[in-house]
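Chain by chain, the residues:
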Amino acid sequence: MNSVRIAALTKINLSGLANMNWLKSNQNKSTNQQGKQMSFVDAYSPDRASGYAKKLFQSIVKGWGDYPLAVKECAKRSRMSERSYERLMKGETKDPKLTVLGRVRGAYLDYCHEQISRLQHEIHIEMTRNPDGSFEDLAAEAEALAAKIRQAKGR
């Protein structure tokens, strides 16, 4: 019994060493491509798509009874089916494609842009009510934030 256990451990250790040697030789060969490869991995991950889906849902949902309507709204904004959106949000989608990330990220940024537009409208109303200039700085900050979101949407 001990010899079987030792043999199993030897196989595991040997296979692990073989994988480590392969990784070392692979890293030595592709030093120029490694930076590009890592940036692609960092830019696209299933967790990132799920994170955008959760953020969008949490921004839209208003309460416990609003769950079905919020999922429907988020799915519509993301151009997905409701079930696919729920699976993405819960992390059940194993490998969402790059287009899914683009759709969900675009929907989230569109929602953020809508919220900033509403804020700018409210600031404009307050500026017309109170012409003393107290809202000028706030209007400038809102415009800067809107420009950042437009820039992020352009990527």
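In this report, we go over the structure that sits alongside the text.

Some words on the overall build of the chain
(1) Moving on: Looking only at helices and strands, the chain has seven helices and zero strands in total.
(2) Moving on: Secondary structure elements in the chain, listed N-terminal to C-terminal, are α-α-α-α-α-α-α.
(3) Moving on: Taken over 155 residues, the chain has a buried fraction of 23%.
(4) Moving on: Across the chain, contacts joining residues at least 24 apart in sequence account for 56% of those joining residues at least 6 apart.
(5) Moving on: A total accessible area of about 11,500 Å² is found for the chain, and carbon and sulfur atoms account for 56% of it.

What about helix H6 (residues 98–129)?
(1) Moving on: When the terminal C-alpha atoms of H6 are compared, their 47 Å separation across 32 residues agrees well with the 46 Å that a helix rising 1.5 Å per residue should span.
(2) Moving on: All buried positions along H6 are accounted for by Val100, Leu101, Val104, Arg105, Ala107, Tyr108, Leu109, Tyr111, Cys112, Ile116 and Ile123.

Notes on the packing of helix H3 (residues 46–60) against helix H5 (residues 82–90)
(1) Moving on: Axis separation between H3 and H5 bottoms out at 7 Å; the angle between their running directions is 110°. When the interaxial angle is binned, H3 and H5 end up roughly perpendicular. Crossing of H3 against H5: the hand is left-handed. For the pair H3 and H5, the contacting residues are Ala49, Ser50, Ala53, Lys54, Leu56 and Phe57 in the first and Tyr85, Leu88 and Met89 in the second.
(2) Moving on: A class-by-class count of the residues in the contact of H3 with H5 yields seven nonpolar, one polar and one charged.

Some details on helix H7 (residues 136–154)
(1) Moving on: With 19 residues, H7 should reach 27 Å at 1.5 Å per residue; the first-to-last C-alpha distance of 27 Å fits that figure.
(2) Moving on: Of the surrounding secondary structure, the elements contacted by the buried residues of H7 are H6.

Observations concerning unusual backbone geometry
(1) Moving on: Phi is positive for Arg79, close to 55°, though the residue is something other than glycine.
(2) Moving on: Turning to its location among the elements, Arg79 is positioned in the loop between helix H4 (67–78) and H5.

Regarding the pattern of salt bridges
(1) Moving on: In total, this model carries eight salt bridges according to the counting rule given.
(2) Moving on: With a shortest N-O distance of 2.9 Å, Glu73 and Arg77 are connected by a salt bridge. Placement of both Glu73 and Arg77 in helix H4 is noted, with a separation of four residues, approximately one turn of the helix.
(3) Moving on: Judged by relative accessible area, Arg77 falls into the partly exposed class, the value being 23%.
(4) Moving on: Arg129 is the partner of Glu126 in a salt bridge, and the nearest nitrogen-oxygen pair spans 3.2 Å. Remark: Arg129 and Glu126 occur in helix H6; sequence separation between them is three residues, near one turn of the helix.
(5) Moving on: Given the relative accessible area of 23%, Glu126 is considered partly exposed.

Describing the packing of aromatic side chains
Aromatic ring pairs are described here by two measures, namely the spacing of the ring centres and the angle between the planes.
(1) Moving on: Inspection of every chain in the model, using the stated rule, returns two aromatic pairs.
(2) Moving on: Note on Tyr52 and Tyr108: the rings are 5.7 Å apart at their centroids and 50° apart in plane angle, and the pair reads as tilted. One end of the pair, Tyr52, is in helix H3; the other, Tyr108, is in helix H6, with 56 residues separating them in the sequence. This pair shows no difference in class: Tyr52 is buried, exactly as Tyr108 is.
(3) Moving on: Here Phe57 and Tyr67 contribute two aromatic rings whose centre-to-centre distance is 5.3 Å and whose plane-to-plane angle is 70°, an arrangement assigned as edge-to-face. Of the two residues, Phe57 sits in helix H3 while Tyr67 sits in helix H4, which places them ten residues apart along the sequence.
(4) Moving on: When its relative accessible area of 27% is taken as the criterion, Tyr67 is described as partly exposed.

The rules behind each value
- Residues numbered from 1 in each chain as written.
- Predicted model: local features only at pLDDT ≥ 70, side-chain atom pairs only at ≥ 80, totals over all residues.
- Heavy atoms only, no water.
- Helix = DSSP H or I, 4+ residues; strand = E, 2+ residues; numbered from the N terminus.
- Buried < 20%, exposed > 50% of the residue type's maximum accessible area, 1.4 Å probe, protein only.
- Contact = heavy atoms within 4.5 Å.
- Areas by Shrake-Rupley, 256 points an atom, 1.4 Å probe, with all protein chains shown as cover.
- Expected span 1.5 Å × (residues − 1).
- Axes fitted to C-alpha atoms, helices over the stretch in contact; angles between N-to-C directions.
- Parallel < 35°, antiparallel > 145°, perpendicular 65-115°, else oblique.
- Left-handed = near helix turned anticlockwise from the far one by under 90°.
- Nonpolar A, V, L, I, M, F, W, Y, C, P; charged D, E, K, R; others polar.
- Salt bridge = Lys/Arg side-chain N within 4 Å of Asp/Glu carboxyl O.
- Phe/Tyr/Trp six-rings, centres within 6.5 Å; stacked < 30°, edge-to-face > 60°.

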